[in-house]
Amino acid sequence: MRRDLLEEWLPLSWAVPMIGGLMFWQPEVKAQGCMPAGFMSPSLAAKGLSVLKGGQWEASLHYRYLETANPYIGDDVWEAGKENAAKNWIHSVDVEATYAFTPRYTLTLTVPFVYGERSTVLDHDGNRHTTRAGGLADVRLVGRAWLLDPEEERNGNVLFGLGIKAPTGDDEATDTFYKPTGPETRHVDQAIQPGDGGWGVILEVAGYQKIVERVFGYASGFYLINPREENNTLTTGPYPPGPNGAVRKLSVPDQYSARAGVAYTIWPEQGLSLSLGGRIDGVPPRDLVGGSEGFRRPGYSVSVEPGVAWENEKNRFSLLTPVRVYANRQKNIYDDRYGTHGPAAFADFVIIASYSRRF
């Protein structure tokens, strides 16, 4: 495969799996070419279902870390690309405020911040160099409602969410690239752009069901509809130029995530719970609304997700460590058009830590 194909296709840090769940509220941060923006779900604390009271606030801080590993073409590791594979490290922090109008209806504002580094050989002069980008990402505002009144004692319930994503993150971040002809200022790779440049519609659903005493089953899903087709960030290849020789731009892709599992109250008196589940996170090859032109790295990862949570009346802490068991880099619109199939790198694992306090 040509070196310029490797240079453009390799990193896919969206494969961060990103989180939401019924063990605790857990949002996702969104970055262009990165993991899906996440969804939130209700808290299954050690003493049962935990919801906010009417007029109550909750402030949360969520941290996630990932680094990409082997490159994939389809679901096979691209052995020829390992030596010069791009490496990505991404840190993200979500600052979040939730207000409960009633126990049944809430509104959450999420202000995310990201910092990413990408180390590569082929983007530069044959030596490995690092580019960086960071700052405010795309802000989200989501309203949620329970299907059934959560104040009544129930063994199960369903939560629906509807919101918007605003293009507050920089989708044209630049850094210095060291080319054979000298340093050049260029757009950083899609994987570490803080924003995607488009307004989005957020759809969420989550549910839980008591199985036996102290054991709950949970499931949740998230889909981000990004109607904008392309942003203004340019990419140098690897495909033929667009109409009239135009340089290709980056896509503003949809994103999705889903997870399901079981939560077990191991120590009710101390508010300690454990969970184990599975999740899938991805970027589809085509969008539900609008066109699908522009460069994207579609695909998905499947992970096993152990977790632990501690909660008392006002405070909650959780730790999740999704571990990837399967990855698939799918063809994008240009792969289908030109008979190619580009690679992308996925994270082997992700670390997600969250803290919340109610007021």
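The sections below set out a description of the structure shown in this document. (Residues numbered from 1 in each chain as written. Predicted model: local features only at pLDDT ≥ 70, side-chain atom pairs only at ≥ 80, totals over all residues. Heavy atoms only, no water.)

1. Structural notes on the packing of aromatic side chains
Enumeration according to the criterion identifies seven aromatic pairs in this entry. Look at Trp57 and Tyr99: their rings are 4.8 Å apart centre to centre, the planes differ by 50°, and that puts the pair in the tilted class. A residue pair is termed long-range when its members are at least 10 positions apart, and Trp57 in strand 3 (residues 57-73) and Tyr99 in strand 5 (residues 87-102) qualify at 42 residues. The partly exposed category is assigned to Trp57, whose relative accessible area is 44%. Aromatic pair Trp146 and Tyr208: ring centres 6.2 Å apart, planes at 85°, arrangement edge-to-face. Placement of Trp146 in strand 8 (residues 140-146) and of Tyr208 in strand 12 (residues 200-212) is noted, with a sequence separation of 62 residues between them. Accessibility assignment for this pair places Trp146 and Tyr208 in one class, buried. (Phe/Tyr/Trp six-rings, centres within 6.5 Å; stacked < 30°, edge-to-face > 60°. Helix = DSSP H or I, 4+ residues; strand = E, 2+ residues; numbered from the N terminus. Buried < 20%, exposed > 50% of the residue type's maximum accessible area, 1.4 Å probe, protein only.)

2. What about unusual backbone geometry?
One non-glycine residue, Arg214, adopts positive backbone phi at about 75°. If you trace the backbone, Arg214 turns up in the loop between strand 12 and strand 13 (215-225).

3. Quick notes on a nonpolar patch on the surface
Taken together, Phe101, Tyr105, Leu107, Leu109, Leu141, Ile164 and Trp199 make up a surface patch of nonpolar side chains, about 680 Å² in accessible area. Along the polypeptide, Leu109 turns up in strand 6 (residues 105-120). Look at Leu109 and you get partly exposed, because its relative accessible area is 39%. (Patch = residues over 30% accessible without salt bridge, like charges linked within 9 Å, V, L, I, M, F, W, Y side chains within 5 Å. Areas by Shrake-Rupley, 256 points an atom, 1.4 Å probe, with all protein chains shown as cover. Salt bridge = Lys/Arg side-chain N within 4 Å of Asp/Glu carboxyl O.)

4. Observations concerning the pattern of salt bridges
Oppositely charged side chains are able to pair whenever their charged atoms sit close together. Evaluation of the coordinates by the stated rule reveals 23 salt bridges. A salt bridge links Glu58 to Arg358, with the shortest nitrogen-to-oxygen separation between them at 3.0 Å. Of this pair, Glu58 sits in strand 3 while Arg358 sits in strand 21 (residues 344-358); the two residues are 300 residues apart in sequence, bridging distant segments of the chain. Two residues, Glu311 and Arg316, come together in a salt bridge whose shortest N-O distance is 3.4 Å. One exposure class covers both Glu311 and Arg316, and it is buried. Residues joined in a network through salt bridges with shared partners are Glu58, Glu311, Arg316 and Arg358.

5. Considering the environment of Ile211
Within the secondary structure, Ile211 sits in strand 12. For Ile211 and Ala263, which are 52 residues apart along the polypeptide, the C-alpha to C-alpha distance reads 9.9 Å. Not counting chain neighbours up to four residues away, the residues in contact with Ile211 comprise Phe216, Gly217 and Val262. (Contact = heavy atoms within 4.5 Å.)

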